[in-house]
Amino acid sequence: MRGPGTKAASPSRMKTHKLSDSEVRSGLQGLQGLPGWALHDGKLHREYEFDDFSEAFGFMARCALVAQKQDHHPEWFNVFNRVVVDLTTHDAGGISALDFALATAMEKAARLRA
């Protein structure tokens with residue numbers, strides 16, 4: 001029985017595994033159409049710059065909805081018009097396919113500027 005505020009792990013999370021170094025390199029090559037993503041300290045890393053705080057916050061809100069639906073949440077930091085993102089899958093102990101899926105969704109969200 002789960003307590004209040006807890007939920008069962010989603011089936012997709014249970015299947016998630018850490019990608020090998022070669023799989024991560026291959027995934028980064030696949031992100032070449034998505035500029036700015038790089039490997040930094042064992043995480044997918046990207047820095048976004050928007051026109052103002054509202055635009056940056058709107059981006060974060062759009063991404064939060066996707067992340068919640070995927071049950072995969074970014075490490076991120078916001079100051080005024082900048083959002084710094086690091087993606088890793090803690091349960092897998094490194095980068096997983098979920099990180100690349102969220103990076104792709106974040107790029108789509110960034111294009112939907114207010």
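The coordinates are above.
Counting of residues starts from 1 at the beginning of each chain's written sequence and follows it residue by residue. The predicted origin of the model limits local features to residues at a pLDDT of at least 70 and limits the giving and counting of side-chain atom pairs to 80 or more, whereas totals for whole chains, interfaces and linings rest on all residues. The basis for the side-chain values is all heavy atoms of the structure; hydrogens and waters are excluded.

An account of the overall build of the protein is requested, with residue identities and associated values reported.
If you tally the helices and strands in the protein, you get four helices and four strands. The order of α-helices and β-strands along the protein, N terminus first, is α-α-β-β-α-β-β-α. The buried label applies to any residue whose accessible area, calculated with a 1.4 Å probe on protein chains only, is under 20% of its type's maximum; exposed applies above 50%, and partly exposed to all values in between. Scored against the burial criterion, the 114 residues of the protein give a buried share of 39%. Here the Shrake-Rupley method, with its probe set to 1.4 Å, supplies the accessible areas, and only the displayed protein chains count as covering residues. Only carbon and sulfur atoms are counted for the fraction: they give 56% of the accessible area of the protein, which is about 7,100 Å². Secondary structure counts use DSSP, requiring at least four H or I residues in a row for a helix and at least two E residues in a row for a strand, with both numbered from the N terminus.

Which residues make up the sheet that holds strand 1 (residues 38–40), and what are the values?
Think of it this way: DSSP has to see at least two bridges between two strands before they count as a pair. Reading across the sheet, the four strands line up as 1-2-4-3 and stay open at both edges, with antiparallel pairing between neighbours. Since the sheet does not close on itself, it has two edges, and those belong to strand 1 and strand 3 (75–79), each with one partner. Averaged over neighbouring strand pairs, the angle between their axes works out to 30° when direction is ignored. Both strand 3 and strand 4 (residues 82–87) contribute to a ladder of five bridges, which runs antiparallel. Note on definitions: angles span 0 to 180 degrees between N-to-C directions of axes, and those axes are lines fitted to C-alpha atoms, for helices only across the stretch in contact.

Report on the packing of aromatic side chains, specifying residues and quantitative values.
The geometry of two aromatic rings is summed up by the distance between their centres and the angle between their planes. Each aromatic pair joins two rings of Phe, Tyr and Trp (for Trp, the six-membered one) with centres within 6.5 Å, and gets the label stacked for planes under 30 degrees apart, edge-to-face for over 60, and tilted for any other angle. In this structure the tally under the stated criterion is five aromatic pairs. Taking 6.4 Å as the distance between ring centres and 80° as the angle between the ring planes, the aromatic pair formed by W37 and Y48 counts as edge-to-face. In this pair, W37 is assigned in the loop between helix 2 (21–30) and strand 1 and Y48 in strand 2 (residues 43–49), connecting sequence segments eleven residues apart. Overall, Y48 belongs to the buried group, its relative accessible area being 4%. Centre to centre, the rings of F50 and F59 are 5.0 Å apart; their planes meet at 35°, and the pair counts as tilted.

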